[in-house]
Amino acid sequence: MVSLPHRSVLHGAVSAPCLCYPKGKDQFDNLEKHTQWGIDVLEKYIKFVKERTEIELSYAKQLRNLSKKYQPKKNSKEEEEYRYTSTRAFLATLNEMNDYAGQHEVISENMTSLITGELTRYVQELKQERKSHFHDGRKAQQHIETCWKQLEASKRRFERDCKEADRAQQYFEKMDADINVTKADVEKARQQAQLRHQMAEDSKAEYSSTLQKFNSEQHEHYYTHIPNIFQKIQEMEERRIVRIGESMKTFAEVDRQVIPIIGKCLDEITKAAESVDHKNDSQMVIEAFKSGFEPPGDIEFEDFTQPMKRTVSESSLSNSRGDGKSEPKFGGKSKGKLWPFIKKNKSPKQQKEPLSHRFNEFMTSKPKIHCFRSLKRGLSLKLGAGPEDFSNLPPEQRRKKLQQKVDELNRDIQKELDQRDALTKMKDVYIKNPQMGDAASVDHRLSELAQNIEKLRLEVQKFEGWLAEVEGRLPSRNEQPRRQSGMYEPQNPSAVNSCAQDRESPDGSYTEEQSQETEMKVPATDFDDEFDDEEPLPTIGTCKALYTFEGQNEGTISVAEGEMLYVIEEDKGDGWTRIRRNEDEEGYVPTSYVEVYLDKNAKGAMTYI
């Protein structure tokens, strides 16, 4: 009989540990949730900063619109009001508010670039890094789970083989004890028991090897792989916390950086407010609205037993231009101090007297033509139409209006002259180069410009005559403004006064036109000489000849390649530049033949000259 190991040996050969599901999976899931929450916090902060930048932009836009809304409109009455110190201070406040708005735009731009943009990129990188770490963690988790499954399979196989070997041993012992069983059956049962026993030994060896491998993998998993992954996740999370803290610090620094500039804007507003000068503004109002009238004389006592007698002197209103007769008041008090602000009133006698009586009375003392013009002027004033010579204004106001009109007309003449010069040059170019255009096509426009210039010159002559008349009638002042145009010679004040007196109407106004007896005749040559006697044009830069040019036509000048010359007139669109070699040699060359270097201060110098 073959003896086999007892079944107790099979069961107790290897004490299998009581293994459970690997630890750490729940903590791994918690870390995954926590890191996702950290990314959500970061994205929430990015959204907060983005909304802050939108608020800053909206605030800056509203400030700019507010500043633009109250800016004075060009060529309007509001622009004239900004000559006072108080309104200039308000204008400075508007400009500083515009700069103030610009600083809020800077805040928005810096927050967008330094916080929103940077954090957005960092969030993307953080998500990728987090995904990589948790992928490694899941991979390690899956690996240990696979090892666990292999160990469980080896254990079950070993257990099954041990049970099979135990049953085979029991069957062999039963067959061996039975005397009725043949020897062949016993041998067969013995071989089967040995086979099962060998299979149990193999399963035992495999299970032992798998168990050792699993223990090694499990130790590596919990003491190396998972701690390394957790360490990386911890470092990632700490970097996220540090980054959001730095962003909050940058959030404050962006505001702090613009505080000095905002403080300068506020300082400029304070400085503008301190520059307000009430005395200066009051003086400007006086200069703007002073009439030029002299205070009226004293009113004598009116004795109702005799006709009213009133002292008429050179200082009374009757000898002033555009005077109105003050209404008599009792008590002997004069309104001389309030005279610039008193509206002209007619005397009770004039108010009751019919217009026809006044007309007949004036016809007997003035030439008929002046009488008709005065009546026409009176009717036009009643209808609200302003006279062309501004005779309805006080003397000082009239002088200012006439001076403005003269300056405006002179500017218009200069514009027309510039157009004429440009067209003349264009015509010369067309004549010399017929392929560039028809010279006859500009003749009509040149004719129109000549007519316009002549009309404007006549207008200047007319208004300067009125201006000379007003300046002759005004009281002597320390500072008499000089007119820009010198077309009129100094006149005898007595002649001017007589001319003005002839133009007086019964109600104190002035006629629209000059009388034929006192009209000033100015020769046209005096006006032309003013434009003909021009000084040589100043140099506005230098130029270098790029190519050789043979100036064979009239008005051109020859230059050699590489030659340096002076520029005295830029190309005005006709393709020619005016240059000078010395005091006697100057002319035009094609602009494409020279390289021009303009002097930055040339424009200012020309303006000064």
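Every chain is numbered independently, its residues counted from 1 as its sequence is written. Two thresholds apply to this predicted model, a pLDDT of at least 70 for residue-level local features and 80 or more for giving and counting side-chain atom pairs, whereas whole-chain, interface and lining totals are computed over all residues. Note: side-chain values were computed over all heavy atoms of the structure, leaving out hydrogens and water.

1. As for the overall build of the protein
What counts is decided by this rule: Only DSSP runs of H or I reaching four residues or more are called helices, and only runs of E reaching two or more are called strands; each is numbered from the N terminus. For the exposure calls, accessible area comes from a 1.4 Å probe over protein chains only, and a residue counts as buried if that area is under 20% of its type's maximum, exposed if over 50%, partly exposed in between. In this analysis, two residues are considered to be in contact whenever any of their non-hydrogen atoms come within 4.5 Å of each other. Values of accessible area rely on a 1.4 Å probe in the Shrake-Rupley scheme; residue burial ignores everything except the protein chains shown.
A tally of regular secondary structure across the protein gives 14 helices and five strands. Across the 609 residues in the protein, those meeting the buried criterion constitute 31%. When contacts within the protein are restricted to residue pairs at least 6 apart in sequence, those whose partners lie at least 24 apart make up 72%. In the structure as shown, the protein presents an accessible area of about 39,300 Å², 52% of it carried by carbon and sulfur atoms.

2. Side note on the pairing of strand β4 (residues 586-590)
Filter applied, for reference: For two strands to pair, DSSP has to find at least two bridges joining them.
β4 sits mainly inside the fold: four of its five residues count as buried. Alignment of strand β3 (residues 576-580) against β4, held across five bridges, turns out to be antiparallel. Its bridge partner lying in β4, Arg578 is registered against Tyr588. The antiparallel hairpin formed by β3 and β4 contains five residues in its connecting segment.

3. Describing helix α4 (residues 85-177)
Note: α-helices contain 3.6 residues per turn, so residues at a spacing of three or four share the same orientation. Counted only if it meets this: Between the first and last residue of a helix there are one fewer steps than residues, each counted as 1.5 Å, and that sum is the expected span. Two axes enter the definition of the bend at a residue: one is fitted to the seven residues ending there, the other to the seven starting there, and the bend is the angle between them.
Under the 1.5 Å per step criterion, the end-to-end length of α4 is 134 Å for 93 residues, consistent within 8% with the ideal 138 Å. At Thr112, α4 shows its largest bend, some 35°.

4. What to know about the nonpolar core
The following threshold applies: Throughout, nonpolar core names a set of buried Ala, Val, Leu, Ile, Met, Phe, Trp, Tyr and Cys residues whose side chains join them through atoms within 4.5 Å.
By size, the foremost hydrophobic cluster in this structure holds 28 residues, and its most contacted members are Leu42, Tyr45, Met111 and Ile115. Elements represented by at least two residues in this core include exactly α2 (25-69), α4 and α5 (183-274). Among the elements that take part in this core, α4 stands out by supplying eleven residues, more than any other. Judged by nonpolar contacts, the second largest core, of 14 residues, contains Ala545, Phe549, Leu565 and Val567.

5. Let's talk about the pattern of salt bridges
This is how the line gets drawn: In the sections that follow, a salt bridge refers to a side-chain nitrogen of Lys or Arg positioned within 4 Å of a carboxyl oxygen of Asp or Glu.
In this structure the tally under the stated criterion is 27 salt bridges. Across the pair Glu569 and Arg578 runs a salt bridge whose closest N-O atoms are separated by 3.5 Å. By relative accessible area, Arg578 is classed as partly exposed at 21%. Each of Lys425, Glu569, Lys572, Arg578, Arg580 and Glu586 takes part in salt bridges that share partners, so that together they form one network.

6. Some words on the packing of α4 against α5
Put simply, the rule is: Orientation is described by lines fitted to C-alpha atoms, with helices fitted over the stretch in contact, and by angles between N-to-C directions that extend from 0 to 180 degrees. Oblique is the label for any angle not under 35 degrees, not over 145, and not in the 65 to 115 range, which are roughly parallel, roughly antiparallel and roughly perpendicular in turn. Note on residue classes: Ala, Val, Leu, Ile, Met, Phe, Trp, Tyr, Cys and Pro are nonpolar, Asp, Glu, Lys and Arg are charged, and everything else, Gly too, is polar.
Orientation of α4 relative to α5, taken along the N-to-C sense of each, is 170°, at an axis distance of 7 Å. Put simply, α4 runs roughly antiparallel to α5. Residue composition of the contact of α4 with α5, by class: 46 nonpolar, 19 polar and 23 charged.

7. Describing the sheet that holds strand β5 (residues 594-598)
Strand order across the open sheet formed by five strands is β4-β3-β2-β1-β5, with antiparallel pairing between neighbours. Each edge of the open sheet is held by one strand with a lone partner, namely β4 and β5. Here the strands of the sheet are splayed against their neighbours by 40° on average, with no regard to which way each runs. Examined bridge by bridge, strand β1 (residues 541-545) and strand β2 (residues 564-569) share four bridges and lie antiparallel to one another. Pairing of Thr542 across the sheet is with Tyr566, part of β2.

8. Brief notes about the confidence of the model for the protein
Applied cut-off: Each residue gets a pLDDT score, which is the predictor's confidence in that residue and runs from 0 to 100.
Summarising the model, the protein shows a mean pLDDT of 75, and 70% of its residues fall at 70 or more. Segment residues 1-24 is flagged for pLDDT under 50; beyond a separation of four residues in sequence, or across chains, it makes 37 contacts in the model. Across residues 603-609 the pLDDT falls below 50, and counting only partners more than four positions away or on other chains, this stretch makes three contacts in the model.

9. Quick notes on the environment of Gln103
With respect to the secondary-structure elements, Gln103 resides in helix α4. Taking C-alpha positions, Gln103 is 9.4 Å from Asp255, a pair spaced 152 residues apart along the chain.

10. Quick notes on the packing of aromatic side chains
We count it as follows: Centres within 6.5 Å make a pair out of two Phe, Tyr or Trp rings, where for Trp the six-membered ring is used; the pair is then stacked when the planes are under 30 degrees apart, edge-to-face when over 60, and tilted otherwise.
A complete count under the given rule lists nine aromatic pairs for this structure. With 5.9 Å between their ring centres and 40° between their planes, Tyr45 and Phe48 make a pair best called tilted. In this pair, Tyr45 and Phe48 both sit in helix α2, three residues apart, roughly one turn of the helix. Overall, the relative accessible area of 9% leaves Tyr45 in the buried class. A relative accessible area of 44% places Phe48 in the partly exposed class. Measuring from centroid to centroid gives 5.7 Å for Tyr547 and Tyr593, while their planes differ by 75°, and the two rings are edge-to-face. Of this pair, Tyr547 sits in the loop between β1 and β2 while Tyr593 sits in the loop between β4 and β5, placing them 46 residues apart in sequence. By relative accessible area, Tyr547 is classed as partly exposed at 47%. Put simply, the rings of Tyr547, Phe549, Trp576 and Tyr593 pair up and form one aromatic cluster.

11. As for the environment of Phe390
Tracing the sequence through the fold places Phe390 in the loop between α9 (368-383) and α10 (395-432). For the pair Phe390 and Lys400, spaced ten residues apart in the sequence, the C-alpha separation amounts to 9.9 Å. Phe390 has contacts with Arg398, Lys401, Leu402 and Phe463, leaving out every residue within four places of it along the chain.

12. Looking at the environment of Ala560
Note on placement: Ala560 falls in the loop between β1 and β2. Relative accessible area serves as the criterion here: at 37%, Ala560 is assigned to the partly exposed category. Each C-alpha atom, one on Ala560 and one on Phe549, is 6.5 Å from the other, the two residues being eleven residues apart in sequence.

13. Quick notes on a nonpolar patch on the surface
So the rule is basically this: Excluding any residue in a salt bridge, patches collect residues exceeding 30% relative accessible area, merging like charges within 9 Å and nonpolar Val, Leu, Ile, Met, Phe, Trp and Tyr side chains within 5 Å.
On the surface, Leu66, Tyr70 and Phe90 cluster together into a nonpolar patch covering about 280 Å² of accessible area. Examined against the element boundaries, Tyr70 turns out to sit in the loop between α2 and α3 (77-81). The class for Tyr70 is partly exposed, based on a relative accessible area of 41%.

14. With respect to the side chain of His104
In this fold, His104 is placed in helix α4. Here His104 is in contact with Glu56, Tyr59, Ala60 and Leu63, once residues within four sequence places are set aside.

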